[in-house]
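# Reading the structure
Given next are the chains, with one letter for each unit.
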Amino acid sequence: MSQPVSQNRLSTLLGRWEARDVAPLVSLTLLVIFFTFAAPNFLKPATLTAILKQGSVLAIVSVGLTYVLLCGEIDLAVGTMALWCACCCGWLFENWAAGLGGEVSLGMTALVILLPLASCAALGFLSGGLTVASRLPSFIISLAMMFIAEGLARYRTKSKMYEVPHLLAAVGNEGVHLGGRYMLPYSAMLAAAVFMLGHFVLRYTRFGRYVYATGGNRQAARLAGIRTGRIVLCCMAICAVTAGIGGLVNSGRMTNVTLDQNKDLLLSAVACVVLGGTSLFGGEGSMGKTIVGVLTFTVLSVGLMQINWIDDLARQLLTGLVLMVALVINGVLARK
């Protein structure tokens, strides 16, 4: 009697995993085995820390993007939203908090971080509201929002480089030392917190069930009494906020913000979510699968950088080829 109960608990924790869901795990395992032998420094503490730091930004952004894809929409403004949030934070820090002179208090630092995130939430609500009200595809609305967010960043910064608060620099570069040279970055701990919150909401709340229903069959969900417009609006806002958090963490890694940051964040985040098994058409996916996709993409990117005999100009080509093979395999298994 206890065995079925334990199996039910395990299935509830992991979600529904079928044969096609094992493909991303197999891809991740094969990549780890390959880079372990091809790159002697792959399993060293510095490389593992780099994987955690780089994967943290993608994980945070991918959590919000998973919500959007699950409800059958897309948000193209992820990268520029992250850029705007970081630029707004840097501008506020230098011209308001640090510009007043003296030591920057914790309260000012909190305002400098929270105000840009609030603006991201407002832009996300605007994008979602226009998508619902106009009944245009979110692809079109978020495309316009992508240019709006980039324009705001360019106008506010005047293409200048700005310093970010020291708290963000600590989150992006420091961590808890585990002994020896191993370190658990603060950014990885933040990403884990965002992931657990996103997983809890998606798995154990009514809102999460409504997200799946909206993406699976919107007409049926509407007939069942679900206000699908509000679900789409909230998912777009969640995606904008997580993009802003990812932009802040990434700027903290660099200790400053410039307009060339986060330019590849959109495509990388979409690749992570889809690589994990989340459907672009909505209704299928989970946070656990997204994390597998993030780890696969990050291991591939960092691992290729550790192989000295690969030409630097060929690394991006190899990354694209490996991703294409993995996605094709996932697609074939999905059709079966």
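Above this note sits the structure.
The paragraphs below set out a description of the structure included in this document. (Residues numbered from 1 in each chain as written. Predicted model: local features only at pLDDT ≥ 70, side-chain atom pairs only at ≥ 80, totals over all residues. Heavy atoms only, no water.)

## A closer look at helix α11 (residues 228–254)
In this model α11 runs 39 Å from its N-terminal to its C-terminal C-alpha over 27 residues, within 8% of the 39 Å that 1.5 Å per residue would give. With 19 of 27 residues buried, α11 lies mostly within the body of the structure. A positive phi of about 65° marks Thr255, the residue just after α11. (Helix = DSSP H or I, 4+ residues; strand = E, 2+ residues; numbered from the N terminus. Expected span 1.5 Å × (residues − 1). Buried < 20%, exposed > 50% of the residue type's maximum accessible area, 1.4 Å probe, protein only.)

## A short note on the pairing of strand β3 (residues 182–185)
Here β3 shows one buried face, formed by Met183 and Pro185, and one open face, formed by Tyr182 and Leu184. From the end of strand β2 (residues 175–179) to the start of β3, which pair antiparallel, there are 2 residues, and Gly180 there has a positive phi angle of about 70°. (Pairing = 2+ DSSP bridges.)

## Topic: the packing of aromatic side chains
Counted by the stated rule, this structure contains 4 aromatic pairs. Plain terms: the ring middles of Tyr67 and Phe207 are 6.3 Å apart, the flat faces sit at 25° to each other, and that makes the pair stacked. Of the two residues, Tyr67 is situated in helix α3 (residues 45–70) and Phe207 in helix α9 (residues 206–216); the sequence distance between them amounts to 140 residues. A relative accessible area of 2% places Tyr67 in the buried class. Joined through ring pairs, the aromatic side chains of Phe34, Phe35 and Phe42 make up one cluster. (Phe/Tyr/Trp six-rings, centres within 6.5 Å; stacked < 30°, edge-to-face > 60°.)

## Concerning the pattern of salt bridges
Taken as a whole and judged by the stated rule, the model has 2 salt bridges. Arg218 is paired through a salt bridge with Glu73; the nearest N and O atoms lie 2.8 Å apart. Remark: Glu73 occurs in the loop between α3 and α4 (78–97) and Arg218 occurs in helix α10 (residues 218–223); sequence separation between them is 145 residues. Judged by relative accessible area, Arg218 falls into the partly exposed class, the value being 25%. We classify Glu73 as buried; its relative accessible area is 9%. Between Arg154 and Glu150 there is a salt bridge, and its shortest N-O distance comes to 3.3 Å. In this pair, Arg154 and Glu150 both sit in helix α6 (residues 138–157), 4 residues apart, roughly one turn of the helix. The partly exposed category is assigned to Glu150, whose relative accessible area is 25%. (Salt bridge = Lys/Arg side-chain N within 4 Å of Asp/Glu carboxyl O.)

## A word on the layout of surface pockets
Here the largest pocket is characterised by a volume of approximately 1000 Å³. Around the largest pocket, the lining comprises 28 residues; the ones closest to its centre are Gln54, Asp264, Ser268, Phe297 and Ser301. Broken down by secondary-structure element, the contributors of at least two residues to the lining of the largest pocket are α3, α11, α12 (265–275), α13 (287–306) and α14 (315–335). Top element by residues in the lining of the largest pocket is α13. It accounts for 5 residues. When grouped by side-chain class, the residues that make up the lining of the largest pocket number 13 nonpolar, 9 polar and 6 charged. (1 Å grid on protein atoms, 1.4 Å probe; cavity = no way out; pocket = protein on both sides within 12 Å on 5 of 7 lines; lining within 4 Å. Points joined across faces, edges and corners; volume = space filled by probe spheres on them. Nonpolar A, V, L, I, M, F, W, Y, C, P; charged D, E, K, R; others polar.)

## With respect to the packing of α3 against helix α8 (residues 186–204)
Contact geometry of α3 with α8 gives a least axis separation of 8 Å together with a crossing angle of 20°. Judged by the inter-axis angle, α3 sits roughly parallel to α8. Of the two possible hands of crossing, α3 and α8 adopt the one that is left-handed. Residues Leu52, Lys53, Ser56, Ala59, Ile60, Val63, Tyr67 and Leu70 of α3 lie in contact with α8, whose contacting residues are Ser187, Ala188, Leu190, Ala191, Val194, Phe195, Gly198, Val201 and Leu202. A class-by-class count of the residues in the contact of α3 with α8 yields 13 nonpolar, 3 polar and 1 charged. (Axes fitted to C-alpha atoms, helices over the stretch in contact; angles between N-to-C directions. Parallel < 35°, antiparallel > 145°, perpendicular 65-115°, else oblique. Left-handed = near helix turned anticlockwise from the far one by under 90°. Contact = heavy atoms within 4.5 Å.)

Honestly, it's all geometry; don't read function into it.
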